[in-house]
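Each chain, letter by letter, is given below.
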There are 2 protein chains.
Amino acid sequence: MKVSQRTEYGLRAMVALAGKYDSGLMSIKELAEQEGIPVAFLEQIMAELRRAGLIVSTRGAYGGYALEKAPNKISAGQVISTLEGSLSPARCGAKCDKMSGCSTRSVLKRIEDSITDTLDNIYLNELVKAGIDE
Amino acid sequence: MKVSQRTEYGLRAMVALAGKYDSGLMSIKELAEQEGIPVAFLEQIMAELRRAGLIVSTRGAYGGYALEKAPNKISAGQVISTLEGSLSPARCGAKCDKMSGCSTRSVLKRIEDSITDTLDNIYLNELVKAGIDE
DNA sequence: TTATTCCTTACTAATTCGGTCAGGATTAGA
DNA sequence: TCTAATCCTGACCGAATTAGTAAGGAATAA
């Protein structure tokens with residue numbers, strides 16, 4: 001249950017965009033340099049965040065990325081679940097058809113729900129501040 | 001950031017032990033059968049939980065495992081951090097010496113702290129109930 | 001039309017994960 | 001004292017995931 005490098009990169013890119021909200025686009029190159037992330041890798045991550053509707057992109061010269069909505073409307077939970085998928089062990093859900101009444105899963109579910117809830121209540125604007133404070 | 005199968009198994013074993021707290025030991029075999037976990041795999045997990053001081057074991061015939069303290073004194077966070085280690089991406093900490101002032105890490109830290117906090121406030125007795133309710 | 005930028009797919013080396021296997025150490029009870 | 005039951009440990013293995021590279025295509029401002 002480590003946060004993957006991929007997700008950390010994505011999160012930091014989102015926070016960087018949040019810091020520049022309403023002051024223009026940021027290109028992959030800018031983001032990658034500022035955050036120390038390999039360009040080609042970040043490209044993949046941004047593509048996924050765009051498909052999820054969390055950011056918008058503009059192609060061509062002077063293009064770049066921006067948040068799709070205000071930083072205080074996008075939660076860490078949205079970013080993380082986009083980049084990581086479910087918290088459950090991979091196999092559960094694939095093999096198991098019981099959508100309810102699976103007592104085996106109830107313990108884990110209780111925990112996953114708590115984590116999800118926690119992450120859904122942390123917003124990007126708060127994380128921008130966390131970065132400044134440090 | 002999936003919860004690993006390993007951790008789910010460990011958590012369920014702990015909840016099973018919590019359900020029998022004060023009514024004797026449970027052997028690996030019992031635990032494994034009841035929870036549907038491969039015996040040899042569960043053995044490794046239990047060894048780790050024991051080394052962490054969360055359970056006590058008795059060897060020899062009629063031996064088995066029991067919680068080291070009451071279910072309401074052991075948190076999901078303790079179990080999970082024992083079995084998974086830190087939430088941070090593997091590399092961070094290995095290469096990076098800055099123990100403070102690493103602005104790159106602050107965003108993730110804020111999130112990890114929230115999750116840790118959440119999990120440290122879920123206790124085994126509560127999870128036993130969750131299992132019954134379902 | 002060209003430089004800049006986003007977009008997509010395929011590939012790869014290294015690591016982690018889930019699990020098995022083999023055997024040793026300890027203890028209760030016959 | 002012997003034996004069965006039980007915990008304990010380390011080595012090993014195939015499959016999946018992870019972090020990244022590579023190569024090229026598509027859109028757009030100037």
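Shown above is the structure to which this text applies.
Within every chain, residues take consecutive numbers counted from 1 along the sequence as written. To read the labels, note that chains go from A and ligands from 1, taken in the order they are written. Owing to the predicted nature of the model, reporting of local features is limited to residues with pLDDT of at least 70; listing and counting of side-chain atom pairs is limited to 80 or more, with chain, interface and lining totals taken over all residues. Heavy atoms from the whole structure form the basis of all side-chain values; hydrogens and water molecules are not counted.

Undergrad: So what exactly am I meant to see when it comes to the protein's contact with DNA strand C here?
TA: Around DNA strand C sit 29 residues, and of these Arg50(A), Ser57(A), Arg59(A), Gln5(B) and Gln44(B) come closest. A share of 76% of the atoms of DNA strand C within 4 Å of the protein falls on sugar and phosphate groups. Pairs of N or O atoms are called polar contacts if they sit within 3.5 Å, as long as, within protein, a hydrogen donor faces a hydrogen acceptor (for residues adjacent in sequence, only side-chain-to-side-chain pairs). Ala61(B) is positioned with one of its backbone polar atoms (N or O) 3.3 Å from a base oxygen of DNA strand C. The set of elements that each furnish at least two residues to the surface near DNA strand C consists of helix H3 (39–51), strand S1 (55–58) and strand S2 (64–67) of chain A together with helix H1 (5–19) and helix H3 (39–51) of chain B. A run of H or I in DSSP becomes a helix once it reaches four residues, and a run of E becomes a strand once it reaches two; helices and strands are each numbered from the N terminus. In terms of residues, the surface near DNA strand C owes the most to one element, H3(A), which gives 4 residues. Residue composition of the surface near DNA strand C, grouped by class: 11 nonpolar, 11 polar and 7 charged. To be near a molecule or strand, a residue needs just one of its heavy atoms within 4 Å of it. Here the term charged refers only to Asp, Glu, Lys and Arg, the term nonpolar to Ala, Val, Leu, Ile, Met, Phe, Trp, Tyr, Cys and Pro, and the term polar to all other amino acids, Gly among them.

Undergrad: Where do I start with the pairing of S1(A) in this structure?
TA: Consecutive residues of a regular strand have side chains that alternate between opposite faces of the sheet. Residue and element names in this part refer to chain A. A pair of strands is considered paired only if DSSP assigns at least 2 bridges between the two. Bridging between S1 and S2 involves 4 bridges; their strand directions are antiparallel. What sits directly across from Thr-58, in S2, is Gly-64. Where S1 folds back on S2, the antiparallel hairpin that results is connected by 5 residues, among which Gly-60 adopts a positive phi of roughly 85 degrees.

Undergrad: Would you mind going over the packing of aromatic side chains with me for this structure?
TA: The description of two aromatic rings rests on the distance between their centres and on the angle between their planes. Residue and element names in this part refer to chain B. Note on aromatic contacts: the rings of Phe and Tyr and the six-membered ring of Trp form a pair at centre separations within 6.5 Å, being stacked when their planes are under 30 degrees apart, edge-to-face when over 60 apart, and tilted otherwise. A complete count under the given rule lists 2 aromatic pairs over all chains for this structure. Aromatic side chains Tyr-9 and Phe-41 sit 5.9 Å apart centroid to centroid with 85 degrees between the ring planes, which places their arrangement in the edge-to-face category. A residue pair is termed long-range when its members are at least 10 positions apart, and Tyr-9 in helix H1 and Phe-41 in helix H3 qualify at 32 residues. Judged by relative accessible area, which is 9%, Tyr-9 ranks as buried. On the basis of relative accessibility, which here comes to 29%, the residue Phe-41 falls in the partly exposed class. Exposure categories follow from relative accessible area, calculated using a 1.4 Å probe and restricted to protein chains: below 20% of the type maximum is buried, above 50% is exposed, and the middle band is partly exposed.

Undergrad: Would you mind going over the relation of the copies chain B and chain A with me for this structure?
TA: Superposition of the two copies of the chain requires a rotation about an axis together with a shift along that axis. Least squares is the method used to superpose the copies, on C-alpha atoms of residues holding a pLDDT of at least 70 in both. With an axial shift of 0.1 Å and an RMSD of 0.1 Å, the rotation relating chain B to chain A amounts to 180 degrees. The superposition of one copy onto the other is thereby described by a two-fold rotation axis. Judged by C-alpha distance, Met1(B) is the residue of chain B that lies nearest the rotation axis, at 2.1 Å. Most of the interface of chain B is mirrored in chain A: 100% of its interface residues are interface residues there too. Any pair of residues with heavy atoms lying within 4.5 Å of one another is described as a contacting pair.

Undergrad: What is the right way to read the interface of chain B and chain A from this model?
TA: In many analyses, interface size is given as the accessible surface area lost on bringing the parts together. Listed as interface residues are 38 residues of chain B and, on the opposing side, 38 residues of chain A. Summed over both partners, the accessible area (1.4 Å probe) lost when two parts come together is defined as the buried area. Where chain B abuts chain A, roughly 3,700 Å² becomes buried across the two surfaces, and 67% of that area is made up of carbon and sulfur atoms. Salt bridges are defined by distance alone: a side-chain nitrogen of Lys or Arg within 4 Å of a carboxyl oxygen of Asp or Glu. Taken together, the connections running from chain B to chain A amount to 2 salt bridges. For Glu126(A), the salt bridge goes to Arg110(B), with nearest N and O atoms at 2.1 Å. Linking chain B to chain A there are 11 residue pairs in polar contact (both at pLDDT 80 or more). Those elements that provide at least two residues to the side of chain B that touches chain A are H1, helix H4 (76–84), helix H5 (103–119) and helix H6 (124–133) of chain B. Of the residues forming the side of chain B that touches chain A, the biggest block, 11 residues, is contributed by H5(B).

Undergrad: What is the right way to read the protein's contact with DNA strand D from this model?
TA: Neighbouring DNA strand D are 29 residues; Gln5(A), Gln44(A), Arg50(B), Ser57(B) and Arg59(B) lie closest to it. Of everything in DNA strand D that lies within 4 Å of the protein, sugar and phosphate atoms constitute 75%. Residue assignment for the surface near DNA strand D shows that the elements contributing at least two residues are helix H1 (5–19) and H3 of chain A together with H3, strand S1 (55–58) and strand S2 (64–67) of chain B. The dominant element in the surface near DNA strand D, judged by the number of residues it contributes, is H3(B), at 4 residues. Counted by class, the surface near DNA strand D contains 11 nonpolar, 11 polar and 7 charged residues.

Undergrad: I would appreciate a short explanation of the environment of Tyr62(B) in the present structure.
TA: Looking at the secondary structure, you find Tyr62(B) in the loop between S1 and S2. Remark: the alpha-carbon pair of Tyr62(B) and Met26(B), spanning 36 residues in sequence, is separated by 9.0 Å.

Undergrad: Sorry if this is basic, but what is going on with the nonpolar core here?
TA: Judged by nonpolar contacts, the single largest core of 76 residues is most densely connected at Met46(A) and Met46(B). Those residues within four positions of Met46(A) in sequence are excluded, and the remaining contacts are Ala13(A), Leu17(A), Ile28(A), Leu31(A), Ile55(A) and Tyr65(A). Each nonpolar core is a collection of buried residues, namely Ala, Val, Leu, Ile, Met, Phe, Trp, Tyr and Cys, held together in the definition by side-chain atoms within 4.5 Å.

Undergrad: What's the story with the environment of Val15(A) in this structure? I'm lost.
TA: Residues and elements named next belong to chain A. Structurally, Val-15 can be placed in helix H1. Overall, the relative accessible area of 10% leaves Val-15 in the buried class. When the C-alpha positions of Val-15 and Val-56 are compared, they lie 15 Å apart, and in sequence the two are 41 residues distant.

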